[in-house]
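Now for the letters of each chain:
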Amino acid sequence: MSNDLPQSAYLKETRSYKNNIQVAFGGYHKAKRPIEDNELTHVGPGTPCGEYFRRFWIPVALGSELSDVPLRIRILGEDLVVFRNKQGTLGLLHLHCSHRNASLEFGVIEEQGLRCCYHGWLYDVDGTILETPAQDSKLSEKICHGAYPVVEYLGLIFAYMGPPDEQPDFPKWDTTMLPDVEMVPYSIHYPCNWLQICENTMDPWHTVFLHARVTDIHFGDTWGIAPVTQFYEKPHKIYATLTYRIEDKIWVRSQETISPSFSQVGAWWETGREEKYFKRASITKWTIPHDNENCMIIAWRSFGPGVDPEGQGD
Amino acid sequence: MVGKNSVDFPGQTGQEPYEYRQRHPNDYEAQVSQGSINAHAAENLGSTDKGVAYLRRKLRRAIRAIQAGERLPESERAGEEFLTHTQDTVLPIPIHPSDDEQLLKDVTDAVMEIVFEGDTLGGDERASFIESKLRTLKNDTRFTAHCGDT
């Protein structure tokens, strides 16, 4: 799958694919699938999109996934291990020990850090090497293991994986601070690229067909009504609106996508039949790449009288 | 019910039997089946796909800005309350006899203008400002002129 071609190659491929002879029973002319747009989809270290993601605080795991053994994860094409030391401090380290590359997923969590199983090197949560037992050199003073800053917030573990001098403050999203709303963390793995999962929120018409007209009604019965859709823009933010005529009511739903891959959506069970004002998100989520071909939605599901008026969520 | 690989609405995890997923496809089926990396070159985007095209354009610009050495704007970096704008508002405004679509567009613009206007405030103050202004729209003559004197 390696085709880190310059953007021009992708555009050339797009043009040639579009220019293929278009005839009925002409599958032969389109049999070869075109390459992907790697500028937007590839996320490993050093890739343009990977660098973009590495400017933001992003959620990487659920707090509930941590236990008394390290948790191995893959984020933006990097293999990592996340753990909570016995003092309760979180650490996020590169997976492979700086000594001889054994995986720290088999390490032992100690008071202050994580000890590699192979030769006992001990790592602090910031990558400092605390011990290199039996080594007669001062190796540990010359090396710092790869580590990232971590914040745990409302049951999600966030990391900043970019250049240290570019690190932004940790944001306090308004919808995480609403009164009477319970934020329940969840994550779902998808065996595909992150962008096609992230795009869904900016595809307002899929709700009409996928969620109402083609097979089943998945959410409210009014979702099959054709909405008027509009878009609004601010720096690093796009808003899609879906506006429905529901008898003598007008239902205006806005949803957003914010850099790098944050989005929110309104109540799943909303039908637009009752007068209401400024009811907030029922899902606050990120689409986070594990690598080019795997990603997760990692999110909070919000429960409360405002976002789930009929109590249908659980 | 809500946790690791689990959420309380259907069709998100691909864990149902294959035949069931074929007969009752949902988000997971549609999105994952686009391919391991969706090949945009084989798509044919149309008028319903403006948001997708828009998102990709904006993403490409943001990616290239980072490549060009730009820093994120200060508004994206400060750890103050980060305002978001996802919301539902349902207004009792009767159908327009000749051009309801235009009415829906105008009402949407008015709703979003109020929602963005609240950006100068924060917390509960913002919410009550936005809510009270939105409440005035149902009596706003710009949107109710077609209703007559009732």
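Reading guide: rules and limits
Residues numbered from 1 in each chain as written. Chains lettered and ligands numbered in written order. Predicted model: local features only at pLDDT ≥ 70, side-chain atom pairs only at ≥ 80, totals over all residues. Heavy atoms only, no water. Salt bridge = Lys/Arg side-chain N within 4 Å of Asp/Glu carboxyl O. Helix = DSSP H or I, 4+ residues; strand = E, 2+ residues; numbered from the N terminus. Buried < 20%, exposed > 50% of the residue type's maximum accessible area, 1.4 Å probe, protein only. pLDDT = per-residue confidence, 0-100. Contact = heavy atoms within 4.5 Å. Phe/Tyr/Trp six-rings, centres within 6.5 Å; stacked < 30°, edge-to-face > 60°.

Some remarks on the pattern of salt bridges
Any two side chains of opposite charge can pair, on the condition that their charged atoms come close.
Here is step 1 of the chain: Within the structure shown, the criterion is met by 33 salt bridges over all chains.
Here is step 2 of the chain: In this structure, Arg56 of chain B engages Glu199 of chain A in a salt bridge whose closest nitrogen and oxygen atoms are separated by 2.5 Å. In this pair, Arg56 of chain B is assigned in helix H3 (residues 50-67) and Glu199 of chain A in the loop between helix H5 (194-198) and helix H6 (206-213), connecting two distinct chains.
Here is step 3 of the chain: Classification of Glu199 of chain A by relative accessible area gives buried; the value is 4%.
Here is step 4 of the chain: The salt bridge involving Glu117 of chain B is made with Lys133 of chain B; its shortest N-O contact spans 3.2 Å. Pair noted here: Glu117 of chain B is in helix H4 (residues 100-117) and Lys133 of chain B is in helix H5 (residues 123-135), with a separation of 16 residues, a long-range link.

Considering the confidence of the model for chain A
Detailed reading of the predicted coordinates is not advisable wherever pLDDT is low.
Here is step 1 of the chain: Across chain A, pLDDT averages 91, with 95% of residues at or above 70.
Here is step 2 of the chain: Every residue in residues 1-5 of chain A is under pLDDT 50, and counting partners more than four places away or in other chains gives 11 contacts.

Side note on the packing of aromatic side chains
Here is step 1 of the chain: Under the defined criterion, the tally for this structure stands at 24 aromatic pairs over all chains.
Here is step 2 of the chain: Residues Tyr239 of chain A and Phe116 of chain B carry aromatic rings whose centres are separated by 4.9 Å and whose planes lie at 65 degrees to one another, so their mutual orientation is edge-to-face. Here Tyr239 of chain A, found in strand E15 (residues 237-246), pairs with Phe116 of chain B, found in helix H4, and the two come from separate chains. Across this residue pair, the class does not change: Tyr239 of chain A and Phe116 of chain B are buried.
Here is step 3 of the chain: A centroid spacing of 5.0 Å and a plane angle of 80 degrees characterise the contact between Phe262 of chain A and Trp286 of chain A, whose relative ring orientation is edge-to-face. Highlighted residues: Phe262 of chain A in strand E17 (residues 262-265) and Trp286 of chain A in strand E19 (residues 283-291), separated in sequence by 24 residues. Each member of the pair, Phe262 of chain A together with Trp286 of chain A, is buried.
Here is step 4 of the chain: Following the ring pairs from residue to residue traces out a cluster consisting of Trp57, Tyr153, Phe158, Tyr160, Phe170, Trp173, Phe262, Trp286 and Trp300 of chain A.

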